[in-house]
Amino acid sequence: MLKGSLPALVTPFKNGAVDMDALKKLVEWHIAEGSHGLVPVGTTGESPTLSHEEHEAVVEAVVKFTAGRVPVVAGAGSNNTVEGIRLIQHAEKVGADAALVVTPYYNKPTQAGLYEHFKALHDCCTLPIVIYNIPGRSVVDMTPETMGKLAKLPRIIGVKDATGKIERVSMQRASCGADFVQLSGEDATALGFNAHGGKGCISVTANVAPRLCAEFQEATLSGDYAKALEYQDRLMPLHEAIFIEPGLAGAKYGLSLLGRCTEDVRLPLVGLTDGTKEKIRAAMRHAGILN
């Protein structure tokens with residue numbers, strides 16, 4: 001069900017509020033550009049600074065705007081299991097196709113705690129769940145062994161892996177099985193990730209370059225790594241530039257250059273420095289998406 005390029009959607013703001021008109025236009029643009037799915041209200045969607053009401057409204061809106069044309073994987077993660085249950089049940093209610101659930105951050109659960117957290121979310125609804133493993137943000141790393149135990153549950157279908165460790169793909173194929181959907185959470189290493197058996201990327205860069213990222217993914221999934229490498233060479237400066245400062249701020253600035261939304265972010269994030277802005281502009285010109 002899930003493969004290819006799935007943009008981790010930004011949440012556009014206008015005058016401090018969620019800009020639903022801009023969000024609708026972003027959804028239409030991504031689908032027209034060939035994105036294979038959409039992932040609203042992850043970290044790139046500024047989930048940490050959205051209220052519960054805003055979070056739920058954005059998920060519901062993206063499902064409505066998408067109208068079944070591509071899968072919608074709703075961000076539904078929390079370090080509070082009860083809160084996570086609320087978010088995932090809402091995502092199910094409004095018609096999301098799957099949920100992205102991050103490993104609980106800050107409170108540093110054990111592997112046993114990780115298993116019970118994900119099992120509780122699995123048992124509370126009928127949505128397929130993609131584990132989001134990002135030790136750099138959550139300060140806890142789900143081991144391949146724990147993931148393998150979770151993969152035995154019928155609706156734990158895959159992982160967004162942002163460990164940056166390419167060998168994890170092969171290790172998780174061994175522990176979870178070849179049908180377990182492994183999606184990269186790191187744009188820069190997505191080429192090697194797919195070569196190891198990955199099926200796609202939940203991408204920040206795809207906010208700004210959706211067509212290039214979709215075509216890059218299609219090349220890897222068809223086994224044309226020579227063509228994929230050409231795309232990688234075009235996209236690599238953009239992967240790097242977007243993440244000089246927080247990636248969502250970089251993505252929003254790139255989108256602002258394309259006239260797609262404002263560059264506004266919420267505190268504690270702030271706008272980019274002038275030097276980073278110039279590097280993003282240069283990288284977009286290198287990729288051929290900005291004159």
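Since this is a predicted model, take the numbers as computed values, not measurements.

Asker: An account of the environment of N80 is requested, with residue identities and associated values reported.
Answerer: With respect to the secondary-structure elements, N80 resides in the loop between β4 (73-75) and α3 (81-94). For N80, a relative accessible area of 37% translates into the label partly exposed. Considered as a pair, N80 and N107 are 27 residues apart in the sequence and their alpha carbons are 9.2 Å apart.

Asker: With reference to specific residues and values, describe the packing of aromatic side chains.
Answerer: Per the stated rule, a full pass over the model turns up 0 aromatic pairs. Residue placement shows K149 over the ring face of Y115; its charged tip is 4.6 Å from the ring centre. One Lys or Arg, K160, reaches over the ring of Y132 and ends 4.0 Å from the middle of that ring.

Asker: Pulling in residues and values, what's your account of the nonpolar core?
Answerer: Most often, soluble globular proteins keep nonpolar side chains buried together rather than apart. Ranked by size, the top nonpolar core spans 44 residues in total, and within it V62, I88, I131, L150 and F180 carry the most contacts. Sorting the residues of this core by element identifies α1 (20-33), α2 (52-66), α3, β5 (98-102), α4 (111-123), β6 (129-133), α6 (144-151) and β7 (156-161) as the ones contributing at least two each. Looking at this core, the element that brings in the most residues is α2, giving 6 residues. What I88 contacts, discounting residues up to four positions off in sequence, is A76, A99, V101, L121, C124, C125, L127 and I129. Within the second largest apolar cluster, 34 residues are counted, among which are V10, V208, F216 and A249.

Conventions and cut-offs
- Residues numbered from 1 in each chain as written.
- Predicted model: local features only at pLDDT ≥ 70, side-chain atom pairs only at ≥ 80, totals over all residues.
- Heavy atoms only, no water.
- Helix = DSSP H or I, 4+ residues; strand = E, 2+ residues; numbered from the N terminus.
- Buried < 20%, exposed > 50% of the residue type's maximum accessible area, 1.4 Å probe, protein only.
- Phe/Tyr/Trp six-rings, centres within 6.5 Å; stacked < 30°, edge-to-face > 60°.
- Lys NZ or Arg CZ within 6 Å of the ring centre and 35° of its normal.
- Core = buried A, V, L, I, M, F, W, Y, C linked by side-chain atoms within 4.5 Å.
- Contact = heavy atoms within 4.5 Å.

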